[in-house]
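Each chain is listed here by its residues.
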Amino acid sequence: AESPRTHFIRQIIDADLAAGIHERIITRFPPEPNGYLHIGHAKSIVLNFGLAEALGGRCNLRFDDTNPHKENVEFVEAIQADVRWLGFDWGERCYFASDYFEQLYGFALELIEQGLAYVCDLSAEQMRDYRGTLTEPGRDSPWRERSISENRELFAQMRAGAFPDGARTLRAKIDMASPNINLRDPVLYRIKHGVVHHQTGTAWCLYPTYDYTHPISDALEGVTHSLCTLEFEDHRPLYDWVIAHVSVPSRPRQIEFSRLNLEYTVMSKRRLTELVSEAQVNGWDDPRMPTLAGLRRRGYTSAAIRVFCERIGITKSDNRVEMAMLENAIREDLDATAPRRLAVLRPLKVVLTNYPKEQTEYVELANHPKIATLGTRMLPFAREIYIDRADFEETPPKGFKRLIPGGEVRLRGAYVIRCDAVIRNDAGEIIELHCSVDFDTLGKNPEGRKVKGVIHWVAVAHAVPAEVRLYDRLFNVPLPGAGGSDYRADLNTQSLQVLTDVMLEPSLRAVQAGERFQFEREGYFVADLDSTLEHPVFNLTVGLRDTWDK
Ligand code: ATP
Ligand code: MG
Ligand code: MG
């Protein structure tokens, strides 16, 4: 495991604890259930749950569900499954912002009673006009000076459904001239009829905004440190304003850190939703997606994702992380743990002409080069075998160490063979090779010559036919849609290649979905959900070495 980093947020919290400001910390992870979690969310989960774990505190899971039209229960359940999969446990502490709708309404009445909130009749467009710009102050709404009793009465009517969508809002009365636009009388409540909220059904036609809901939810839960991404830095004065003016039981502190941006992918939920709904990928758990469900199906372990999140660290500087960093984390994990297997992805039949026709012998191969406890397995060896087409070249490039006409190569764990003849069909395509075995090379070097190449193979009669899905980067460029272009134009149309006549060694028959292996010389693979007893399907998790710079 990585040593936990002492990033700036950890330092702030350590100081708060040392000063006795809190006995123990409470953090929260607050997803909106409008999509599946992605690797950026993992950064926030590992930070929030990780701090609570390290410091004997607690971390709440809170669904930030104030936008009912884009949210649903499928997303709620997927998010819960993904947080659990990452290895974190919220115990009893799973909350919904919608749990607080009644209390939030009560706090809004408190603001009204203090003259700090008013019902405004400006349309969205008018409000934008009144708001001003970065260089020009805003103007007061003509409804800003309504009496407390009128505001109280109108707000009750808004709740009762007396007005259509957009007719009225409740706004905080702060400062239309503030240099911070978030403080120019922000909207606290808007009217939304005809939506069925996944938690509260049709009980409400009045929905609180994120900026109003978030600080109060944090305070009601006793959250001590509310960690969010940098784009909320400018919202912090509003967060603090809300906390300061309603009778909440605690005062959480908001601290911002930079989001994770990963090259060659997109992470905004809008874009991920589009990729799914436009069928650019096969669902939220498509192995090319940066979602946790996709990465899991791709073969990522939660341990590797946690290691990656520790390595990228927590700072305030915006940066982009190379995909190679994520891949290195899973490659290291699988190199250390995954059993080795032989799989021929593009089979070429080889007849060993001097090998007895009816004979099968068994050779023993280690399951892992460094972990003896993973044991060994016996592989059948016979007169007909498959090798990979890429391991034979008639006109080899310089430095080619595999099989060539008249040349020799070692079959992994078995004999040295020599290629005597290349057999073609009428179309001139190579359909098989005739080779001969040097029987004096099992477990020892051949006499008087060096054979450098070692290739993998599978005996024809015992091979398990399978499908392998090779995944490549989902986008062709590090920053899809850069410069305002449509990110779809940067999609890699070759990101999935399906190999349908793969031949596996027999120990891979009846593999369970989710089992991970290194296919020697090819990469790390995981058995997909689509596998059946007789027909395994494997996904490429990651290649054996980093190829991102090529
Ligand atoms: P989007 O902007 O794509 O809609 P979001 O940030 O609104 O994403 P939420 O479900 O609200 O998505 O996110 C839940 C939590 O995860 C928030 O605290 C958010 O700051 C954090 N988070 C989301 N994306 C990232 C990221 N790329 N890096 C770090 N944290 C993130
Ligand atoms: Mg969002
Ligand atoms: Mg959000």
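Rules and cut-offs
- Residues numbered from 1 in each chain as written.
- Chains lettered and ligands numbered in written order.
- Predicted model: local features only at pLDDT ≥ 70, side-chain atom pairs only at ≥ 80, totals over all residues.
- Helix = DSSP H or I, 4+ residues; strand = E, 2+ residues; numbered from the N terminus.
- Rg over C-alpha atoms; globule rule 2.2 N^0.38 Å.
- Buried ≥ 20, exposed ≤ 12 C-beta atoms within 10 Å, placed from the backbone.
- Contact = placed C-beta atoms within 7 Å.
- pLDDT = per-residue confidence, 0-100.
- Domains from an automatic or database assignment.
- Arc of directions from axis to C-beta.
- Pairing = 2+ DSSP bridges.
- Near = placed C-beta within 6 Å.
- Right-handed = clockwise from strand over helix to strand, strands pointing away.
- Axes fitted to C-alpha atoms, helices over the stretch in contact; angles between N-to-C directions.
- Parallel < 35°, antiparallel > 145°, perpendicular 65-115°, else oblique.
- Left-handed = near helix turned anticlockwise from the far one by under 90°.
- Nonpolar A, V, L, I, M, F, W, Y, C, P; charged D, E, K, R; others polar.
- Expected span 1.5 Å × (residues − 1).
- Core = buried A, V, L, I, M, F, W, Y, C linked by C-beta atoms within 7 Å.

**Considering the overall build of the protein**
Right, so step 1: A tally of helices and strands in the protein yields twelve helices and 27 strands.
Right, so step 2: Its C-alpha atoms give the protein a radius of gyration of 31 Å, clearly above 24 Å, the size a compact globule of 550 residues would have.
Right, so step 3: Structurally, the protein occupies a C-alpha span of about 100 × 55 × 40 Å along its principal axes.
Right, so step 4: When burial is assessed residue by residue, the protein has 38% of its 550 residues classed as buried.
Right, so step 5: Partitioning the intrachain contacts of the protein with sequence separation of at least 6 by distance along the chain shows that 71% fall at a separation of at least 24.

**Some points on the confidence of the model for the protein**
Right, so step 1: This prediction gives the protein a mean pLDDT of 96; 99% of its residues lie at or above 70.
Right, so step 2: Across the assembled chains, the prediction reports ipTM 0.97 with pTM 0.96.

**Describing the domain arrangement of the protein**
Right, so step 1: The domain boundaries assigned to the protein delineate domain 1 (18-257) and domain 2 (343-456).
Right, so step 2: One C-alpha centre belongs to domain 1, the other to domain 2, and the line joining them spans 65 Å.

**Here's the deal with helix α8 (residues 236-245)**
Right, so step 1: Of all the positions in α8, only Leu238, Tyr239 and Val242 are classed as buried. For α8, the angular spread of buried residues about the axis comes to 105°, placing them on one side.
Right, so step 2: Looking at the buried residues of α8, the elements they touch are α7 (210-220) and β9 (253-257).

**Quick look at the environment of Met503**
Right, so step 1: Within the secondary structure, Met503 sits in strand β24 (residues 496-504).
Right, so step 2: We classify Met503 as buried; it has 25 C-beta atoms within 10 Å.
Right, so step 3: Between the C-alpha atoms of Met503 and His462, which are 41 residues apart in sequence, the distance is 9.3 Å.
Right, so step 4: Discounting chain neighbours no more than four positions away, the residues touching Met503 are Val344, Pro347, Tyr386, Val458, Ala463 and Pro465.

**Here's the deal with unusual backbone geometry**
Right, so step 1: The phi dihedral of Tyr264 falls on the positive side, at around 65°, and the residue is not glycine.
Right, so step 2: When you line up the elements, Tyr264 lands in the loop between β10 (261-262) and α9 (269-277).
Right, so step 3: Among the residues examined, Tyr264 registers 21 C-beta atoms within 10 Å and is labelled buried.
Right, so step 4: Positioned with a positive phi, Arg521 is a non-glycine residue whose angle comes to about 70°.

**Some thoughts on the sheet that holds strand β14 (residues 347-352)**
Right, so step 1: Across the sheet, which stays open at both edges, the seven strands sit in the order β21-β18-β19-β20-β14-β17-β22 with mixed pairing between neighbours. The open sheet has two edge strands with one neighbour each: β21 (454-455) and β22 (458-459).
Right, so step 2: Two strands pair when backbone bridges link them, and β14 and strand β17 (residues 384-388) are joined in this way by five bridges, in the antiparallel orientation. Pairing of Leu348 across the sheet is with Ile387, part of β17.

**A few points about the site of ligand 1**
Right, so step 1: Near ligand 1 you find 15 residues, and of these Pro31, Gly40, Thr229, Arg259 and Lys269 are the closest.
Right, so step 2: At the level of elements, α2 (39-54) and β8 (225-229) are the ones that each hand at least two residues to the shell around ligand 1.
Right, so step 3: With four residues, α2 is the single largest residue contributor to the shell around ligand 1.

**Section: the pairing of β8**
Each regular strand shows side chains that alternate between the opposite faces of the sheet.
Right, so step 1: Bridge analysis of β8 against β9 gives five bridges, and the strand direction is parallel. In the sheet register, Leu227 faces β9, and the bridge partner there is Ile255.
Right, so step 2: Taking the sense of rotation as the criterion, the β-α-β connection linking β8, α8 and β9 turns out right-handed.

**Here we look at the sheet that holds strand β5 (residues 169-172)**
Right, so step 1: Here we have four strands laid out as an open sheet, ordered β4-β5-β6-β7, and antiparallel in their pairing. Each end of this open sheet is capped by a strand with a single partner; those strands are β4 (117-120) and β7 (206-208). Sheet twist, expressed as the average angle between the axes of neighbouring strands with direction ignored, equals 20°.
Right, so step 2: Judged from the three bridges that link them, strand β6 (residues 187-191) and β7 form a sheet pairing that is antiparallel. Across the sheet, residue Tyr189 finds its bridge partner in β7, namely Pro208.
Right, so step 3: Contacts from helix α4 (residues 101-113) reach β4, β5, β6 and β7, with the element oriented near 100° to β4.

**A closer look at the packing of helix α11 (residues 302-312) against helix α12 (residues 323-337)**
Right, so step 1: Put simply, α11 and α12 touch, their axes get as near as 9 Å, and they point 135° apart. Accordingly, the angle class assigned to the pair α11 and α12 is oblique. As α11 runs across α12, the sense of the crossing is right-handed. Contacts from Ala303, Ala304, Val307, Phe308, Arg311 and Ile312 of α11 reach α12 at Met325, Leu326, Ala329, Ile330 and Asp333.
Right, so step 2: In terms of residue class, the contact of α11 with α12 is built from nine nonpolar, no polar and two charged.

**Topic: the packing of α4 against helix α6 (residues 148-160)**
Right, so step 1: As a packed pair, α4 and α6 sit with axes 9 Å apart at the nearest point and diverge in direction by 160°. Considering the angle they form, α4 stands roughly antiparallel to α6. Of the two possible hands of crossing, α4 and α6 adopt the one that is right-handed. Here Tyr105, Ala108, Leu109, Ile112 and Glu113 of α4 come into contact with α6, specifically with Ile148, Asn151, Arg152, Phe155 and Arg159.

**Thoughts on α2**
Right, so step 1: Across its 16 residues, α2 extends 21 Å between first and last C-alpha, which sits within 8% of the 22 Å expected from 1.5 Å per residue.
Right, so step 2: Of all 16 residues in α2, twelve are buried; the element is thus mostly enclosed.
Right, so step 3: Where α2 is concerned, the buried positions are Ile39, His41, Ala42, Lys43, Ser44, Ile45, Val46, Leu47, Asn48, Phe49, Leu51 and Ala52.
Right, so step 4: Looking one or two residues beyond α2, the residue adopting positive phi is Gly56, at roughly 65°.

**Here we look at the nonpolar core**
Right, so step 1: If you look at the biggest cluster of nonpolar residues, it comprises 90 residues, and the most contacted ones within it are Val344, Trp457 and Val458.
Right, so step 2: In terms of residues, this core owes the most to one element, α2, which gives eight residues.
Right, so step 3: Filtering out sequence-adjacent residues up to four positions away, Val458 remains in contact with Leu342, Val344, Ile385, Tyr386, Ala463, Met503, Leu504 and Glu505.
Right, so step 4: Counting 35 residues, the second-largest nonpolar core is a separate cluster that includes Tyr95, Val119, Ala172 and Tyr189.

**A word on the environment of Arg306**
Right, so step 1: Following the sequence through the fold, Arg306 ends up in helix α11.
Right, so step 2: Setting aside chain neighbours within four positions, we find Arg306 in contact with Val46, Leu86 and Gly87.

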